[in-house]
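Structural overview
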Amino acid sequence: MTKMIETNLLPIYARAPVTFVEGDGCWLTDDNGERYLDFAGGIAVIGLGHRHPASTRAAHEQLDRLWHVSNLYWTIPVMELAKKLSDRFGGARTFFCNSGTEAIEAAIKYARKATGKVGAVALEGSFHGRTMGSLSITGQAAKRETFAPLLNQVSFAFLNNSLSLRAAALADTGLIIMEPILAEGGVRPVDVEFARTARALADELGALLCFDEVQTGVGRTGSFFAFEKLGVKPDLVTLAKGLANGLPIGALLVADGVSGGLEPGDHASTFGGNPVSCAAACAVVDAIDEELLANARAMGERLASGLRGLPGVSEVRGAGLLIGADVEGAAADVAARALEQRLLITTCGTDSIRLTPPLTVSARLVDQALATLREVLA
Ligand SMILES: *Cc1c(COP(=O)(O)O)cnc(C)c1O
């Protein structure tokens, strides 16, 4: 089965040799009926667990009613979702698209139009997506080099180094963008002072501050937005991964009070605001209540402290259920051995494993994952 499908796909992914056919909560089942504990969560996407009743019901009901009409007209799910996100943010308007990278592209265009300035500052080690604009501001030279020339007038600052941020931000800077926690870049949190510097610099220069919360957002780190812990309010926020619990969606939030941005004719997405994705996302946002966030924080702490006691683990970083751990040897080998033991995890960089289980995960399953990792790392 796995082999047959592979031959008809471009070999762009290094897929593990397993074909999944069903999901349920924190569990996946392969085509041989074997069960796997899912601490990858589809790369921080499956926040509520596979087939969560609320998002599944919402998507089904919308599938039975209306799939698509385009953005020439209004639909109810897109209006409801925009209202819910505005309420969570404390006043914002949203543009919907279909992925994280599209949300970033929208942020780049929005900042250019609103500020009239083309320069952007991003962080070394960041990840913002694979399309040409997003790639241009991704702080990983190895991912960019093959596809140069990209957008110019992009400079990169070092994480939590305010001096380097001041040096990178120039008069032509219209956008300062950062993930509140560098996720692909090793799960490395931005500190409060650095976030404050970024906010102050953006204000001084007339630039917009964007937090890329494609991975950290929608409860992943134990608060709805990760920036809440930084005490700094951005002008722009991008969301995607966890927003519809696995259906494709992306969003650019623009804080109320930011003006001069995109107008009719400047930007669009045929599928953006798809009613089924938006209906599922409404159910997801409703489900992210204080109880679920408290579970994400408590289970995250249990997981992090358990990891600290495992053989060969030298450092554990993160917040809520976005956790990275530096391991001995190649992280990819650790992930491959975990898969053999029926535990899914991901890596971030060559030396770190990353754990992003559903926010609904229980203490029993956290302990089970830790026990498996103890064997794998021994
Ligand atoms: C995954 C990710 C993206 C890109 O999202 P896609 O949906 O894969 O395009 C952008 N930014 C961050 C922080 C991400 O983790």
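Cut-offs and rules
- Residues numbered from 1 in each chain as written.
- Predicted model: local features only at pLDDT ≥ 70, side-chain atom pairs only at ≥ 80, totals over all residues.
- Heavy atoms only, no water.
- Pairing = 2+ DSSP bridges.
- Helix = DSSP H or I, 4+ residues; strand = E, 2+ residues; numbered from the N terminus.
- Axes fitted to C-alpha atoms, helices over the stretch in contact; angles between N-to-C directions.
- Parallel < 35°, antiparallel > 145°, perpendicular 65-115°, else oblique.
- Left-handed = near helix turned anticlockwise from the far one by under 90°.
- Contact = heavy atoms within 4.5 Å.
- Nonpolar A, V, L, I, M, F, W, Y, C, P; charged D, E, K, R; others polar.
- Salt bridge = Lys/Arg side-chain N within 4 Å of Asp/Glu carboxyl O.
- Domains from an automatic or database assignment.
- Buried area = accessible area lost by both parts, 1.4 Å probe.
- Polar contact = N/O pair within 3.5 Å; in protein donor to acceptor, adjacent residues only side chain to side chain.
- Buried < 20%, exposed > 50% of the residue type's maximum accessible area, 1.4 Å probe, protein only.
- Core = buried A, V, L, I, M, F, W, Y, C linked by side-chain atoms within 4.5 Å.
- Near = heavy atom within 4 Å.
- Areas by Shrake-Rupley, 256 points an atom, 1.4 Å probe, with all protein chains shown as cover.

Some thoughts on the sheet that holds strand E14 (residues 322-326)
The strand order across the open sheet formed by four strands is E13-E14-E17-E16, and the pairing between neighbours is antiparallel. The open sheet terminates on both sides in strands that have one partner only, identified here as strand E13 (315-319) and strand E16 (346-347). Pairing of E14 with strand E17 (residues 352-355) involves four bridges; the strand directions are antiparallel. Note that in E17 the partner of Gly324 across the bridge is Arg354.

Examining the packing of helix H11 (residues 290-308) against helix H13 (residues 363-377)
Relative orientation of the contacting elements H11 and H13 amounts to 20 degrees, with a least axis distance of 10 Å. One way to sum up the angle between H11 and H13 is to call them roughly parallel. Crossing angle aside, the handedness with which H11 passes H13 is right-handed. Contacts between H11 and H13 pair Met299, Arg302, Leu303, Gly306 and Leu307 from the former with Ala363, Val366, Asp367, Leu370 and Leu373 from the latter. Looking at the contact of H11 with H13, its residues break down into seven nonpolar, one polar and two charged.

Digging into the pattern of salt bridges
Considering all chains together, one arrives at 15 salt bridges under this definition. Note that Arg317 is salt-bridged to Asp326, the shortest N-O span being 2.9 Å.

A word on the domain arrangement of the protein
Domains assigned within the protein are domain 1 (20-51 + 290-377) and domain 2 (53-287). In this structure, domain 1 and domain 2 have C-alpha centres spaced 25 Å apart. Each partner contributes residues to the interface: domain 1 has 27 residues there, and domain 2 has 25 residues. For the pair domain 1 and domain 2, the summed buried area comes to about 2,100 Å², and 58% of that belongs to carbon and sulfur atoms. For the pair domain 1 and domain 2, the number of links is one salt bridge. Across the salt bridge formed by Arg354 and Glu184, the nearest N and O atoms sit 2.9 Å from each other. Counting every contact that joins domain 1 to domain 2 gives eleven residue pairs in polar contact (both at pLDDT 80 or more). Among the elements that make up the side of domain 1 that touches domain 2, the one with the highest residue count is H11 (four residues).

Regarding the environment of Glu340
The residue Glu340 is located in helix H12 (residues 331-340) in this model. The exposed category is assigned to Glu340, whose relative accessible area is 58%. In sequence terms Glu340 and Tyr36 are 304 residues apart; their C-alpha atoms lie 9.5 Å from each other.

Looking at the nonpolar core
Core analysis: the largest hydrophobic core is formed by 101 residues, its most contacted members being Phe39, Leu307 and Ile345. The two domains that each donate at least three residues to this core are domain 1 (20-51 + 290-377) and domain 2 (53-287). Beyond its immediate stretch of four places on either side in the chain, Phe39 contacts Leu303, Leu343, Leu344, Ile345, Arg354, Leu355, Thr356, Pro357, Val361, Leu365, Val366 and Ala369.

Quick word on the site of the ligand
The immediate surroundings of the ligand are formed by Ser99, Gly100, Thr101, Phe127, His128, Gly129, Glu179, Asp212, Val214, Gln215 and Lys241. Within the contact set of the ligand, an oxygen atom lies 2.8 Å away from a side-chain nitrogen or oxygen of Gln215. Between the ligand and Lys241, the relevant distance is 2.6 Å, taken from an oxygen atom to a side-chain nitrogen or oxygen of the residue. In the complex, 81% of the free accessible area of the ligand, which totals 380 Å², lies under the protein chains. Taken together, the residues of the shell around the ligand sort by class into two nonpolar, six polar and three charged.

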